[in-house]
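Residues per chain are reported as follows:
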Amino acid sequence: MVVYLLRRAAFLAVSLVVAMVVIFVLLRLLPGDPANALLSVDATPEQIAAARAQVGSDQPLVQQFATWAAQLLRLDLGESYISSRSVGDEVAARLAITLPLTLLAFGLALVVSLIVGITAAVKADRWYGILLSGFAQLGVAVPVFWVGVILVWIFALQLGLLPSGGFPRHDWEDPADALRSLTLPVITIAIVMSASLSRYVRAATLDVLGSDYLRTARAGGASRAEALLRHGVRNGAVPVVAVLGIELSTTLLGAVVVESVFTLPGLGSMLLTGIEQHDFANIQGVLVVSTLFVLLVGFAADVAQRLIDPRLRTSVSGNR
């Protein structure tokens, strides 16, 4: 297991380096020069040259990448071309909104999907089991922004119970006010995510219910619930954990849509603003942090699978 962890960590590091190269190259393929963010339409050649020297776009691409990579090794994401503010500080401030939004929505969706998925599998022959499965299928087809708009119309505009968007100016100084602002966005993401997750939970539960080891446990006198808890949870959790990692990563990356609907100043809005202003430093910072988050979640999900299922650890040892 230790050898596997070392190999997986090395693979994560290589993946991050490759992602940095891809991010850098793709941004440089976009039309226009990064220095355009500092220039007006009628800029003189002297002003253009000065702006290019300021952002470093007058240097060869290899040297630009080396400079950026050296900054990242020092945990320095650079400075915004527009505001001259530290990109790291800006990302940290935006993550204080996006990360709680992602984790709260993920936690709520996990609880709902476990209840719905297991109930739909165990009671597959009952009307409410069929109804839950139908709702899950419908939820997957519904766009997240449409769910957000409907919730705003009901709970903000019609009932006036929750704010329609925005975030407190003082951020988390008043946690209750901040959580109130995140309530509708969290529910929006959780509805769509739980619909997707509950299908996987249902499928995994059905596989467990049809397994030989569960029938053997039932023949030994165990009830269905007892057999599921003792023998089925671990086996059913392995495929679900892999999906959880994907869903958590997708939630963070897809937060840009929800943040736009609810006008939240999170990481997604920072990325959109950076693209509009051609601020390469901000764009690179957001993409690097998002990529690192996705890689770390994938790493954690992979390790969790091997901790849950001893057969995977055995296969690793055998391959070695």
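The structure under discussion appears in the preceding block.
Heads up: these notes are all about the structure in this document. Computed from a predicted model, the values in this text were never measured in an experiment. (Residues numbered from 1 in each chain as written. Predicted model: local features only at pLDDT ≥ 70, side-chain atom pairs only at ≥ 80, totals over all residues. Heavy atoms only, no water.)

### Considerations on the packing of aromatic side chains
What counts is decided by this rule: By convention, a stacked pair of Phe, Tyr or Trp rings (six-membered ring in the case of Trp) has centres within 6.5 Å and planes under 30 degrees apart, an edge-to-face pair has planes over 60 apart, and any other such pair is tilted. For the purposes of this entry, the term helix denotes a DSSP run of H or I that reaches at least four residues, the term strand denotes a run of E that reaches at least two, and both are numbered from the N terminus. Residue burial is assigned from relative accessible area. The probe radius is 1.4 Å, only protein chains are included, and a residue is buried under 20% of its type maximum, exposed over 50%, and partly exposed in between. In this scheme, Lys NZ or Arg CZ marks a charge over a ring once it lies within 6 Å of the ring centre and within 35 degrees of the ring normal.
Under the defined criterion, the tally for this structure stands at 4 aromatic pairs. Taking 5.4 Å as the distance between ring centres and 70° as the angle between the ring planes, the aromatic pair formed by phenylalanine 24 and phenylalanine 65 counts as edge-to-face. With phenylalanine 24 in helix H1 (residues 2-29) and phenylalanine 65 in helix H3 (residues 61-73), the pair connects residues that are 41 residues apart, well separated along the chain. Pairing phenylalanine 24 with tryptophan 68 gives two aromatic rings, centres 6.1 Å apart and planes at 25°, and the pair type is stacked. Highlighted residues: phenylalanine 24 in helix H1 and tryptophan 68 in helix H3, separated in sequence by 44 residues. The residues phenylalanine 24 and tryptophan 68 share a single accessibility class, namely buried. Among the aromatic residues, those joined into a cluster by ring pairs are Phe24, Phe65 and Trp68. One cation-aromatic arrangement involves arginine 199 over tyrosine 200; the distance from NZ or CZ to the ring centre is 5.9 Å.

### Details of the environment of glycine 148
Put simply, the test is: We call two residues contacting when some pair of their heavy atoms lies within 4.5 Å.
Relative to the helices and strands, glycine 148 is located in helix H6 (residues 144-158). Residue classification places glycine 148 among the buried residues on the basis of a relative accessible area of 0%. Along the backbone, glycine 148 and isoleucine 191 are 43 residues apart, and their C-alpha atoms lie at a distance of 9.8 Å. Excluding residues that lie within four positions of it along the chain, glycine 148 makes contacts with Thr188, Val261 and Phe262.

### Looking at the pattern of salt bridges
The line we're drawing: We count a salt bridge whenever a side-chain nitrogen from Lys or Arg sits within 4 Å of a carboxyl oxygen from Asp or Glu.
Tallied over the entire structure, the rule returns 2 salt bridges. Glutamate 90 serves as the salt-bridge partner of arginine 85, at 2.5 Å between the closest nitrogen and oxygen. By relative accessible area, which is 14% here, glutamate 90 ends up buried. Across the pair glutamate 90 and arginine 94 runs a salt bridge, and its minimum N-O distance is 2.9 Å. Highlighted residues: glutamate 90 and arginine 94, both in helix H4 (residues 87-122), separated by 4 residues, approximately one helical turn.

### Looking at the nonpolar core
Nonpolar side chains in soluble globular proteins tend to be buried together. Going by this rule: In these notes, a set of buried Ala, Val, Leu, Ile, Met, Phe, Trp, Tyr and Cys residues joined through side-chain atoms within 4.5 Å is what counts as a nonpolar core.
Ranked by internal contacts, the top residues of the largest apolar core, which has 32 residues, are Leu182, Leu184 and Leu264. Elements with a contribution of two residues or more to this core: H4, H6, helix H7 (175-209), helix H9 (224-253) and helix H12 (280-308). In terms of residue count, the dominant contributor to this core is H7 (10 residues). Here leucine 182 is in contact with Ile97, Pro100, Leu101, Phe167, Trp172 and Leu264, once residues within four sequence places are set aside. Core analysis: the next-biggest nonpolar cluster, separate from the first, contains 23 residues, Leu27, Ala37, Val91 and Leu267 among them.

### Some points on the packing of H4 against helix H11 (residues 267-277)
We count it as follows: With axes taken as lines fitted to C-alpha atoms, and helix axes fitted only over the stretch in contact, angles between N-to-C directions fall between 0 and 180 degrees. Roughly parallel means an angle under 35 degrees; roughly antiparallel means over 145; roughly perpendicular covers 65 to 115; every other angle is labelled oblique. Under the grouping applied here, Gly and all other residues not named as nonpolar or charged are polar, the nonpolar ones being Ala, Val, Leu, Ile, Met, Phe, Trp, Tyr, Cys and Pro and the charged ones Asp, Glu, Lys and Arg.
Their axes nearest at 8 Å, the elements H4 and H11 cross at an angle of 135°. What the angle tells us is that H4 and H11 run oblique. In contact with Val87, Glu90, Val91, Arg94, Leu95 and Thr98 of H4, H11 contributes Leu267, Gly268, Ser269 and Met270. By residue class, the composition of the contact of H4 with H11 is 5 nonpolar, 3 polar and 2 charged.

### Digging into unusual backbone geometry
A negative phi angle is the norm for most residues apart from glycine, just as the trans form is the norm for most peptide bonds. Unusually for a residue other than glycine, serine 84 sits at a positive phi of about 60°. Considering the arrangement of structural elements, one finds serine 84 in the loop between H3 and H4. Looking at serine 84, the relative accessible area reads 47%, which means it is partly exposed. Even without a glycine there, the phi angle at threonine 263 is positive, about 45°.

### Quick notes on a negative patch on the surface
Stated formally: Here the term patch refers to residues with relative accessible area over 30% and no salt bridge, with like charges joined within 9 Å and nonpolar side chains (Val, Leu, Ile, Met, Phe, Trp, Tyr) within 5 Å. Working definition of accessibility: Shrake-Rupley area with a 1.4 Å probe, residue cover restricted to the visible protein chains. Lys and Arg are tallied as positive, Asp and Glu as negative. Neither His nor the chain termini are counted. Throughout, a charge is located at the NZ atom of Lys, the CZ atom of Arg, the CG atom of Asp or the CD atom of Glu.
Together, Asp171, Glu173, Asp174 and Asp177 line one region of the surface with negative charge. Along the chain, aspartate 174 falls in the loop between H6 and H7.

### Things to note about H3
Quick reminder of the rule: Expected span of a helix, by definition, is 1.5 Å for each gap between consecutive residues, and there is one gap fewer than residues. In this context, the arc is that of the directions from the helix axis out to the C-beta atoms.
Here H3 spans 18 Å end to end across 13 residues, near enough to the 18 Å set by a 1.5 Å rise per residue. Residues of H3 that are buried include every one of Gln64, Trp68, Ala69 and Leu72, and no others. Each buried residue of H3 sits inside an arc of 130° when the element is viewed along its axis, so together they form one side. Counted as exposed and oriented over 90 degrees from the buried face of H3: Val62 and Leu73. Of the residues one or two after H3, leucine 75 is the one with positive phi, at around 60°.

### Thoughts on the environment of glycine 254
If you trace the backbone, glycine 254 turns up in the loop between H9 and helix H10 (255-261). For the pair formed by glycine 254 and threonine 102, sequence separation is 152 residues and the distance between their alpha carbons is 9.5 Å.

### Structural notes on a nonpolar patch on the surface
Taken together, Phe145, Trp146, Val149, Ile150, Trp153, Ile154, Leu157, Leu159, Leu161 and Val257 make up a surface patch of nonpolar side chains, about 960 Å² in accessible area. Looking at which element gives the most residues to the nonpolar patch, the answer is H6, with 7 residues. Structurally, valine 257 is set in helix H10.

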